[in-house]
Each structure stands twice: as structure tokens, then as C-alpha cells.
Amino acid sequence: MSAHSSNSVRAYRGKLLHFLADPGDGHDEHAVQFFEDGLLVIEDGHVKAAGRAADLLPALGKDVELVDYSSRLLLPGFVDTHVHYPQTDVIASYGTQLLDWLDRYTYPEEGRFEDAAHAAEVADFFLDELLRNGTTTALVFGTVHAHSVDVFFEHALARNLRMVAGKVLMDRNCPESLRDDPATGYRESAALIEKWQGRGRLGYAITPRFAVTSSDAQLELAGQLAREYPETHIHSHIAENQREVERVRELFPWSRSYLAVYERFGLLRERAVYAHCIHLDALDRTRMAETRTAAAVCPTSNLFLGSGLFDFPAARAAGMRVGLGTDVGGGTSFSLLRTMSEAYKVAQLAGYGLSPWRAFYLATLGGARALALDDRIGNFEPGKEADFLVLRLDSTALIARRLRAATTPAEMLFALMMLGDDREIAATYVMGRLAHRGEPALPALR
Ligand SMILES: [Zn+2]
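Per chain, residues are indexed from 1 in the order of the written sequence. Where totals are concerned, whole chains, interfaces and linings use all residues; where local detail is concerned, this predicted model gives features only for residues with pLDDT of at least 70, and gives and counts side-chain atom pairs only at 80 or more. Each side-chain value is derived from all of the structure's non-hydrogen atoms; neither hydrogens nor water enter the calculation.

Draft legend 1. Inspection of the pattern of salt bridges at higher detail. Salt bridge, as applied in this entry: a Lys or Arg side-chain nitrogen positioned within 4 Å of an Asp or Glu carboxyl oxygen. On inspection of all chains with the given rule, the structure shows 35 salt bridges. Taking the shortest distance from any N to any O, the salt bridge between Arg-162 and Glu-385 comes out at 2.8 Å. Here Arg-162, found in strand E7 (residues 162-166), pairs with Glu-385, found in the loop between helix H13 (356-370) and strand E14 (388-391); they are 223 residues apart in sequence, far enough to count as distant. Take Glu-385: its relative accessible area is 10%, and that puts it in the buried class. A salt bridge links Arg-287 to Glu-290; its shortest N-O distance comes to 2.6 Å. Here the residue Arg-287 and the residue Glu-290 both occupy positions in helix H9 (residues 282-290), the gap between them amounting to 3 residues, near one helical turn. Relative accessibility thresholds used throughout: buried, under 20% of the residue-type maximum; exposed, over 50%; partly exposed, between the two (1.4 Å probe, protein chains only). Judged by its relative accessible area of 25%, Arg-287 falls in the partly exposed class. Numbering goes from the N terminus for both helices and strands, where a helix is a DSSP run of H or I of at least four residues and a strand is a run of E of at least two.

Draft legend 2. Highlighting the coordination of the zinc ion. Atoms are scored as donors when they are N, O or S and lie within 2.8 Å of the metal, with 3.2 Å used for Na, K and Ca; no water is included, so coordination may look incomplete. Coordination of the zinc ion by the protein involves His-82 (NE2), His-84 (NE2), His-237 (NE2) and Asp-327 (OD), with metal-donor separations of 2.0 to 2.3 Å. Four donors are marked tetrahedral only if all angles between them lie between 85 and 135 degrees, whereas four are marked square planar and six octahedral if opposite donors are more than 155 degrees apart and the other angles lie between 65 and 115; the remainder are marked irregular. Around the zinc ion sit 4 donor atoms; with metal-centred angles ranging over 85 to 172 degrees, the donor geometry is irregular. Look at where the donors of the zinc ion fall in the sequence and you get H-x1-H-x152-H-x89-D. Taken together, the residues His-82 in strand E5 (residues 78-84) and His-237 in strand E10 (residues 233-238) connect sequence positions 155 residues apart. A relative accessible area of 0% places His-82 in the buried class.

Draft legend 3. Expanded view of the packing of helix H12 (residues 336-349) against helix H15 (residues 409-419). A fitted line through C-alpha atoms serves as each axis, taken over the contacting stretch for helices, and the angle formed by two N-to-C directions is quoted from 0 to 180°. Following both chains from N to C, one finds H12 and H15 inclined at 100 degrees, their axes separated by 6 Å at the closest point. Our classification of the angle between H12 and H15 gives roughly perpendicular. Note on element contacts: H15 touches H12 through Phe-414, Leu-416, Met-417, Met-418 and Leu-419, opposite Leu-337, Arg-338, Met-340, Ser-341, Tyr-344 and Lys-345. Ten residue types, Ala, Val, Leu, Ile, Met, Phe, Trp, Tyr, Cys and Pro, are classed as nonpolar, four, Asp, Glu, Lys and Arg, as charged, and the remainder, Gly among them, as polar. Here the residues of the contact of H12 with H15 sort into 8 nonpolar, 1 polar and 2 charged. For classification purposes, an angle smaller than 35 degrees is called roughly parallel, one larger than 145 roughly antiparallel, one from 65 to 115 roughly perpendicular, and anything else oblique. Whether two residues are in contact is decided by their heavy atoms, any of which lying within 4.5 Å being enough.

Draft legend 4. Structural view of unusual backbone geometry. A cis amide bond links Val-328 to the next residue, Gly-329, at an omega of 10 degrees. Mapped onto the elements, Gly-329 comes out in the loop between strand E13 (321-324) and H12. Positive phi outside glycine occurs at Arg-271, with the angle close to 75 degrees. For Arg-271, the location among the structural elements is in the loop between helix H8 (258-264) and strand E11 (272-276).

Note that every value here comes from positions in space, so none of it alone points to a role or purpose.
See the structure below:
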């Protein structure tokens, strides 16, 4: 490390975990890197090196600032592959399943986003809440209002966050006040793409809510946008709830399956992400894998709304890209730790396991791969953008006590994902800069 560059270099010492590939159920050293005494070296907002402290410390320049997190765990920033910022205020709304939940809670709430000032206030809170939970990248629904995306991106840009979001396309089977029409939806989406795609760290997602609320004409134009702007994401829902699946069958009687509707309109490709993917068949899973379309798995939402259980083994056997989503407000927590915990319970109900290695992979590199952003984020390979978080390991008396009894890294990680929440987040860093601190500042080591 040259003396010349050391002013912009900073190093963080602590336990360190990141992934190079899907670890499956085991701790394969080609997939998992865990260092009990690790060092993360950041230069100009990017990862310069990550490894054993004993290997990296001697090469560190004398004037490099070294931050001591040695009783903490460093992780790449969490990636939330499916969440609705306009539903922040309807989280924990009682007693309905999907279609009634939309009518009773979600649509009235999204109606309030007609007011751009309200949208901006919620976007600001939402982004702070993500950082409080260690989430540094998310794929985010707006509302039908184009300004819902403008204000969201303005706040994300101010925080220098890597965020992907889009305006909802919705022209039928919803309240009149929340409808666009195919031409308007197309025009507003194209204008938002021109304005925001690639600005700062932002990306646009073409966002038909789901097949139920878009006409054939609107889905056709969504597919046209996806062809005209191949660098964008596509973001929607699929096969969440049985009544929803039946409704799609009625609305698209010609289609072999729900997924085949989206395929017919050119909406399966890399950077296309579909939330839920519960009620799919084997051919659907194969088509998702072949087209590099990803699934956002949302266990807190699927349990809360009584939707069903995602089939992790079938998805893995098919070779599907999978990430975790909180799906707030159908989901019940912004925390990826809480989401991992519920994913484990979903797996248990279906008679298999979800190893802590794979759970932490899904919340980091797996999510980045689902979003096809793994060339920039998701782990600590040199050159990656330095979005990372620090877990306390002692945020509650119970966690501190349970971890004292843990004898292996896997046991520690499993206890953290089962017992942890936003209180575990000691700090969240964005491009190497502190963006949230959840505990009092620790002194620099030297
Ligand atoms: Zn959703």
C-alpha cells in the first residue's frame, strides 16, 4: 500500500464473513470465507482487501486509520430483493389474505401518495429504516404515481445508496384513482428511466404490480420497455396466493400458467425479479432458470398473509436465482435477520433445513446475484463497492449469553439469525462511509 494512497484508506478489524458462491448446506472454503480475526481494507469507497488480519496488517501503511470491531462481525450489506416503500405505514395490519389485504389496507394507503410531500416523508423514513436494519440495497415498489419514484430516488441519491425502484403499472381491477392506462404508464416509465437509470447508484425497475391489475395492452408495453431499455430491471409478483392464481387463470385463459403470462409478454430475462414464486410447477421453475429470471422469497409475508411455503429445494434443483425479500408491508419486518429466521421455519415445515451459511448467503451475495448486481456488491472481493455492516453480537442479554455457549461459527451465525433484529446492527456503511450507527462510537485503535 503506497503512502500516497493511504489518506483515503481505512481498515476495519473484526470477525469477517462473506461468500464467493452458494455454500449450500456446508462450509465449503470455495464458497465461504470466515475469519475469526479478519481485516477489511477500504479505499475510495471500494474494497481493497479482505482476509486474515495477521496476513494483511503488516502491509498496512502506518498512517492508515484502523477501526477496532474485534468483538463484532463484519458482513456485506444486506440485499432486500422485494419491498414496498409506500406500505411502510400498513405493516402489521390485521386479519386478511392477499386480495382482501390489497383492497382494505394497501390501495387506500397508496392513494395517499397522490401527495408528493407525503411520499417524500415516507421515502425518507423508509431509507433510514433500511439502514437501521443493515440493508444497503433493495428492489423497491413505488406507487402508480410517477412522483413516488422521483422522491424515492432523490432521497436514495442523497444517501449514495444502490437502489432499484419503479413506478407501478396498474390499469384494471383496482380503485379508479390508482389506475394509469397503457400509454400513460409506458410514457411515464420511459421518462423515469431516462431521468434516473444509472444516475448515482440508481437503477430503474419496470414494475407491473401483477398480472391481475394489468391489461394485455399494458403488459405488452411493459415488455416493449424491457426490450427498449435492456439495462433496467423488471419487478413484479407471481403465484403468491391460491385465489390470486385462480384469478389469473380466469383473466388469461389462453395461458399454460401464471408465469407463462409474463413470458408471453417478454417479461422474463436477467434482471427480472418476481416476488413469492410459491405456487409454481416444474416447467415454470425451469423457464425461470433458463431465462435467468430471479425469485424474491418473502417468508415473513408468506406466513403473515397465509399465502404458502416457498420450495427452496425445488428452486435450487431447477437452478433458479433466489434472494430474500422482506415484502413490507405484507412482510412483518425490515430485518433480513428476522427474514432468515422465518425462512428457516418455512424450510422446517416442509421437512428440510436451511443452513446458516446459506441463509447469510441469500441475504448478501445471493440477493446481489438475483438482482444481477453481483459485479458491484454482495461480497468483499477487491473492487466491490464497500457497502457493509457490523453486527454487535451482544445486542440483547440473551444473544450475548447464547453466543458465549456457541463453539463454532455456524452455531454463532444460526443463533444470530434466529434471535437477532435491528438491535444487532452496530453500524451500516455505504461506499465506505458510516451511514448509520446503532451503538456509541468505538475509539480508533491507533
Ligand atoms: Zn410485494
